[in-house]
Amino acid sequence: MRVYDLRERIIGFLIALTNDKKHSNQIKSRDNKKREEAILIMKEKLPDIINTVVELFTLIDDDIHNRNDHTHSEFLNIMIVLPDQDIYDIKDFIQHIEEPSLKIDNKRIKRILKKEIHELSSNYCNKINMILEYEESFVICINNYSLR
């Protein structure tokens, strides 16, 4: 499931629980004033649930914004800048890495790339784990709400 789908399903739950489509949808608004107003109204209706929703949405906002801006672009764009030379797109750079005129320490470049890619993937793994924790917390809140 994409984070975009997760957000839309949670909005659907909020609408089902409150019958307030307007404010449920405004929680995802990029307009901070509308979003804050909606959060205050929804806190009155679902005080135990809305804080978890807001924390989860805050965590996934960047990814949704990134998806909206780059739907048909690359997810990750790595550029290489060499001293006294041009900027290289990583694909072009890798194709020409053996070229003597570049005077590159191939092993060093590969180590740097592996390190950076590992760090990026590690950050996303941590973020995914946090999303799963918030999702679990949301389910617990919904269960507690339905037991009332």
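Residues numbered from 1 in each chain as written. Predicted model: local features only at pLDDT ≥ 70, side-chain atom pairs only at ≥ 80, totals over all residues. Heavy atoms only, no water.

Student: In this structure, what is going on with the overall build of the chain? I would like to understand it.
Tutor: Each helix and strand counted, the chain has six helices and two strands in total. Beginning at the N terminus, the succession of helices and strands in the chain can be written as α-α-α-α-β-β-α-α. Within the span of the chain, comprising 148 residues, buried residues form 29% of the whole. Within the chain, contacts between residues at least 6 apart in sequence are counted, and of these 51% link residues at least 24 apart. Carbon and sulfur atoms form 53% of the exposed surface of the chain, whose accessible area is close to 10500 Å². (Helix = DSSP H or I, 4+ residues; strand = E, 2+ residues; numbered from the N terminus. Buried < 20%, exposed > 50% of the residue type's maximum accessible area, 1.4 Å probe, protein only. Contact = heavy atoms within 4.5 Å. Areas by Shrake-Rupley, 256 points an atom, 1.4 Å probe, with all protein chains shown as cover.)

Student: Looking at this structure, how should I read the environment of Phe13?
Tutor: As for its placement among the helices and strands, Phe13 is situated in helix H1 (residues 3-18). For Phe13, a relative accessible area of 42% translates into the label partly exposed. Once the C-alpha coordinates of Phe13 and Ser24 are considered, the two residues, eleven residues apart in sequence, prove to be 9.0 Å apart.

Student: Which parts of the structure should I look at to understand the side chain of Arg35?
Tutor: Examined against the element boundaries, Arg35 turns out to sit in helix H3 (residues 32-45). Among the residues examined, Arg35 registers a relative accessible area of 12% and is labelled buried. In contact with Arg35, not counting residues within four places along its chain, are Gln26, Ile27, Ser29, Phe57, Thr58 and Asp61.

Student: Help me understand the pattern of salt bridges in this model?
Tutor: Applying the stated criterion across every chain, the model contains three salt bridges. Between Glu8 and Lys28 there is a salt bridge; the shortest N-O distance is 3.0 Å. You can see Glu8 sitting in helix H1 and its partner Lys28 sitting in the loop between helix H2 (21-26) and H3, a full 20 residues away along the chain. A salt bridge links Asp20 to Lys45; its shortest N-O distance comes to 2.6 Å. You can see Asp20 sitting in the loop between H1 and H2 and its partner Lys45 sitting in helix H3, a full 25 residues away along the chain. For Asp20, a relative accessible area of 10% corresponds to the buried category. Beyond isolated ion pairs, a larger network of salt bridges with shared partners links Arg7, Glu8 and Lys28. (Salt bridge = Lys/Arg side-chain N within 4 Å of Asp/Glu carboxyl O.)

Student: How do you make sense of a positive patch on the surface when you look at a structure like this?
Tutor: Together, Lys107, Arg108, Lys110, Arg111 and Lys114 make up a region of like positive charge exposed at the surface. Following the sequence through the fold, Arg111 ends up in helix H6 (residues 106-146). Classification of Arg111 as exposed rests on a relative accessible area of 55%. (Patch = residues over 30% accessible without salt bridge, like charges linked within 9 Å, V, L, I, M, F, W, Y side chains within 5 Å. Lys, Arg positive; Asp, Glu negative; His and termini not counted. Charge placed at Lys NZ, Arg CZ, Asp CG, Glu CD.)

Student: Can you walk me through the nonpolar core in this structure?
Tutor: In summary, soluble globular proteins display a tendency toward joint burial of nonpolar side chains. With 20 residues, the main nonpolar core has Ile10, Leu14, Ile27, Ile49, Val53, Leu56 and Phe57 as its most contacted residues. Elements with a contribution of two residues or more to this core: H1, H3, helix H4 (47-69) and H6. It is H4 that contributes the most residues to this core, seven residues altogether. (Core = buried A, V, L, I, M, F, W, Y, C linked by side-chain atoms within 4.5 Å.)

Student: Explain H3 here, please?
Tutor: In an α-helix, one turn spans 3.6 residues; hence positions three or four apart end up facing the same way. If you check H3, its first and last C-alpha atoms are 20 Å apart, about what 14 residues at 1.5 Å a residue would give, namely 20 Å. Taken residue by residue, H3 has Arg35, Ala38, Ile39 and Met42 as its buried positions. Along the long axis of H3, the arc covered by the buried residues comes to 105 degrees, so they all point the same way. Away from its buried face by more than 90 degrees, H3 exposes Lys33, Leu40 and Glu44. Regarding H3, its N-cap is Asp31, as a side-chain oxygen of that residue lies 3.0 Å from the backbone nitrogen of Lys33 further along. (Expected span 1.5 Å × (residues − 1). Arc of directions from axis to C-beta. Polar contact = N/O pair within 3.5 Å; in protein donor to acceptor, adjacent residues only side chain to side chain.)

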